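Listed below are the residues making up each chain.
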Amino acid sequence: MLAQVSTIALHGIEGLPVQVEVDIALGLPAFATVGLAEGAVRESKDRVKAAINNSGYTFPNRRITVNLAPADLKKGGTSYDLPIAMGILAAQQEVVAAEEIISETALVGELSLDGQLRPIQGVLPMVAGARESGCKKIIVPAANGREAALVEGIKVYPIASLSEAVEFLSGRQEVTPLAKGEPASTSPDDLIDYSDVNGQDHVKRAMEIAACGNHNLLLAGPPGSGKTMIARRLPTILPPFSREEALQATKVHSICGLLPTGQGLLLERPFRSPHHTISDAGLIGGGNYPKPGEVSLAHHGVLFLDELPEFKKHVLEVLRQPLEDGVVTIARAATSLTFPANFMLVAAMNPCPCGHHGDHLQQCDCTPQQIKRYRQRLSGPLLDRIDMHLSVPAVPVQELQGQSQGPDSQTMRTRVLAGREYQQRRFAGQAHIHANSQMSSRMLKKFCHLRPAGQTLLERGMEQLGLSARAYNRIIKIARTIADLSQSEAIETAHLAEAIQYRRLDI
């Protein structure tokens, strides 16, 4: 007796179709799972057996072979429990359904021993993969319903148990497909606001430029100058998620099981702040079966690295590829996976080991050699990939005691949105280009014409500061963003002058 059931395997953040073939033959009782199945999949035989028996069905006392095709695709996770159980029941004629119903319906879900369906990770990319593979329906655990319903073009059926799935596929029970999910409206967190920050108006200006052009930023200054406070308020001035961006970010969080309880779609841009003891695998992703790291969890959001020189040097160096390409490629002997990593990097550091070099309020006790070694923890190529370098001086006590006179987050966000709209009109028809930081060299020549005076200023700045060709392009991109904030079509000399000062870290 042979039966086939469709399911979906996760490969990176994509869902790929898998056929679960179940053969029940005469012979000594045995249960074999083939098709490059990992431990969690092989262990499913015990969960499936208990779930079938406790749901009122009979588990066959024969030789059972489960093949997961294609056999060269690695299968992991617990989502194969339901399709394997359904394949066994279909092979025994417990599920009486037309072949086309089985073939056009994908099943995913983990079984408990009593036959209930538990929620699984990665439902959103699985449902999207099922739709792309031609399935018209998909059965998911009821707890994953809100997340699965975000995908259009496929009917999603939330099922609570194995017996309910059998009754539904046999046509004996009706289940209403979920309506397409819509994200709730959201606004930036009103508990934090740039109006809380006294002084540091030049830093707020830099944050506004970074948010408008999606530029990376390094903040350097003594302890207590407000670097972390300023960085944590960056999401309050970023543009809201588009639906496409929200779905992409939600896929990554779904795979890692980090979606908020009861929420199907991420409503706010992620802000990730890993500790400096993190490993390279934790930062960019990895493991025996690679999973996304912090850079992917920050996709379309902010990655904040506090105390940047305290991170291990080899961990920081792996940031080079995602900063340049917006993706992370993890290669293993058996597979190579690519995860998205288009994020804004905001880093903070002290100017020296004690933190007070250049501080007018406290004296630095570090020797020149100590300061040099401390700064050498950050390589030149890494710093070169950070668009804007900014000094954050200590705030005088008079400013701390006074009322903030600077702009609040809503005012800054309004200006950022106006600048982004200016960019969107410019990049109309340019696929996957949403901000100035993403412009290629060809686009720089097309959209960033410099006047003779500005060209002369830029050449002089390059010579005096000893900047690289990469820095040259980044200065032009920053100047383009400053011009956009001013609603200026042309890049003026003043825009270039302000952009150049963000490439020199004066600490």
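Placed above this text is the structure.
Residues numbered from 1 in each chain as written. Predicted model: local features only at pLDDT ≥ 70, side-chain atom pairs only at ≥ 80, totals over all residues. Heavy atoms only, no water.

## Here we look at the overall build of the protein
When helices and strands are tallied, the protein shows 22 helices and 18 strands. Taking all 507 residues of the protein together, the buried fraction comes to 51%. In the protein, the share of contacts with a sequence separation of at least 24, taken over all contacts with a separation of at least 6, comes to 74%. Working note: accessible area of the protein is about 22,400 Å², and carbon and sulfur atoms make up 50% of it. Averaging the locations of the 51 positively and 52 negatively charged side chains of the protein gives two centres separated by 5 Å. (Helix = DSSP H or I, 4+ residues; strand = E, 2+ residues; numbered from the N terminus. Buried < 20%, exposed > 50% of the residue type's maximum accessible area, 1.4 Å probe, protein only. Contact = heavy atoms within 4.5 Å. Areas by Shrake-Rupley, 256 points an atom, 1.4 Å probe, with all protein chains shown as cover. Lys, Arg positive; Asp, Glu negative; His and termini not counted. Charge placed at Lys NZ, Arg CZ, Asp CG, Glu CD.)

## Side note on the layout of surface pockets
Rolled over the atoms, a probe with the dimensions of a water molecule shows which regions are left empty. In this structure, the largest pocket spans a volume of roughly 1,100 Å³. Along its surface, the largest pocket is lined by 44 residues, and N214, N342, H432, H434 and Q438 are the ones closest to its centre. Mapped onto the lining of the largest pocket, the elements with two or more residues apiece are α10 (243–255), α14 (320–325), α18 (409–426), α19 (441–447) and α21 (469–485). When the residues that make up the lining of the largest pocket are grouped by side-chain class, the tally is 14 nonpolar, 17 polar and 13 charged. (1 Å grid on protein atoms, 1.4 Å probe; cavity = no way out; pocket = protein on both sides within 12 Å on 5 of 7 lines; lining within 4 Å. Points joined across faces, edges and corners; volume = space filled by probe spheres on them. Nonpolar A, V, L, I, M, F, W, Y, C, P; charged D, E, K, R; others polar.)

## Thoughts on the pairing of strand β9 (residues 155–159)
Most of β9 sits inside the fold, with 4 of its 5 residues counted as buried. Looking at chain direction, strand β8 (residues 137–141) and β9 are connected through 5 bridges and run parallel. Across the sheet, residue P141 finds its bridge partner in β9, namely I159. (Pairing = 2+ DSSP bridges.)

## A word on the pattern of salt bridges
As enumerated under the stated definition, the model contains 21 salt bridges in all. Ionic pairing is found between R269 and E245, a salt bridge with its closest N-O pair at 2.9 Å. Of this pair, R269 sits in the loop between α10 and β11 (271–272) while E245 sits in helix α10, and the two are 24 residues apart along the sequence. R269 sits in the buried class, given a relative accessible area of 16%. Notably, a salt bridge pairs D387 with R474, separated by 2.4 Å at the nearest N-O pair. (Salt bridge = Lys/Arg side-chain N within 4 Å of Asp/Glu carboxyl O.)

## Here we look at the sheet that holds strand β10 (residues 217–220)
Read across the open sheet, the 5 strands follow the order β11-β14-β17-β10-β18; overall the sheet is parallel. Lying at the two open borders of the sheet, with one neighbouring strand each, are β11 and β18 (388–391). Where β11 meets strand β14 (residues 302–305), 2 bridges bridge the pair, whose relative direction is parallel. Of the residues in β14, the one forming a bridge with R272 is L303.

## Looking at the nonpolar core
Across soluble globular proteins, nonpolar side chains have a tendency to be buried as a group. By size, the foremost hydrophobic cluster in this structure holds 57 residues, and its most contacted members are V127, I138, V295, L319 and F343. Of the residues forming this core, the biggest block, 6 residues, is contributed by helix α5 (residues 123–132). When residues no more than four places from it in sequence are discounted, the contact partners of F343 are N216, V295, A298, G301, L303, L319, P322 and L323. One finds Y194, I433, L444 and A483 within the second-largest nonpolar core, a separate group that totals 47 residues. (Core = buried A, V, L, I, M, F, W, Y, C linked by side-chain atoms within 4.5 Å.)

## Remarks on empty space enclosed by the protein
The tally for this structure, following the rule as stated, stands at 1 cavity of 30 Å³ or more. Its boundaries defined by the atoms lining it, the largest cavity holds a volume of some 150 Å³. Forming the boundary of the largest cavity are 13 residues, of which N214, E245, R269, H300 and R420 lie nearest the centre. Each residue belonging to the lining of the largest cavity can be placed in one class, and the counts come to 4 nonpolar, 6 polar and 3 charged.

## Points about the pairing of β8
For β8, a buried count of 5 out of 5 residues is recorded, marking the element as mostly surrounded by other parts of the structure. For strand β5 (residues 105–107) and β8, the ladder comprises 3 bridges, and the chain directions are parallel. Residue pairing in the sheet places L107 in a bridge with I139 of β8.

## As for helix α20 (residues 452–465)
Between its first and last C-alpha, α20 extends 20 Å over 14 residues, near the 20 Å set by a 1.5 Å rise per residue. Considering only its buried residues, α20 is in contact with α21 and α22 (493–501). G466 sits one or two residues past α20 and shows a positive phi near 65°. (Expected span 1.5 Å × (residues − 1).)

## Brief notes about the packing of aromatic side chains
Using the criterion set out here, one finds 4 aromatic pairs in the structure. With a centroid separation of 4.7 Å and an interplanar angle of 40°, the aromatic rings of Y157 and F168 are classed as tilted. Of this pair, Y157 sits in strand β9 while F168 sits in helix α7 (residues 162–169), placing them 11 residues apart in sequence. Given a relative accessible area of 14%, F168 falls into the buried group. The ring of F427 carries R426 above its face, with NZ or CZ at 5.6 Å from the centroid. (Phe/Tyr/Trp six-rings, centres within 6.5 Å; stacked < 30°, edge-to-face > 60°. Lys NZ or Arg CZ within 6 Å of the ring centre and 35° of its normal.)

## Quick word on the packing of helix α8 (residues 201–213) against α18
Where α8 meets α18, the axes come as close as 8 Å, and the angle between the chain directions of the two elements is 35°. The interaxial crossing formed by α8 with α18 has right-handed handedness. In this structure, α8 contributes K204, E208, A211, C212 and G213 to the contact, and α18 contributes M412, R415, V416, G419, R420 and Q423. Considering only residue class, the contact of α8 with α18 consists of 4 nonpolar, 3 polar and 4 charged. (Axes fitted to C-alpha atoms, helices over the stretch in contact; angles between N-to-C directions. Left-handed = near helix turned anticlockwise from the far one by under 90°.)

## Side note on the environment of Q501
Note on placement: Q501 falls in helix α22. Between the alpha carbons of Q501 and M1 there is a distance of 74 Å; along the sequence they are 500 residues apart.

## So, unusual backbone geometry
Following A69, the chain continues into P70 via a peptide bond in cis, with omega recorded as 5°. Of note, P70 is situated in the loop between β4 (63–69) and α3 (81–91). A positive phi angle is found at H300, which is not glycine, with a value near 65°. Considering the arrangement of structural elements, one finds H300 in the loop between α12 (294–297) and β14.

## Examining the packing of helix α2 (residues 44–54) against α3
The geometry of α2 relative to α3 is characterised by a closest axis approach of 10 Å and an angle of 55° between their N-to-C directions. The angle between the axes of α2 and α3 places the two elements in the oblique class. With respect to the hand of their crossing, α2 and α3 are arranged in right-handed fashion. Taking contact as the criterion, the partners of S44, R47, V48 and I52 in α2 are, on α3, D81, I84, A85, I88 and L89. For the contact of α2 with α3, a count of residues per class yields 6 nonpolar, 1 polar and 2 charged. (Parallel < 35°, antiparallel > 145°, perpendicular 65-115°, else oblique.)

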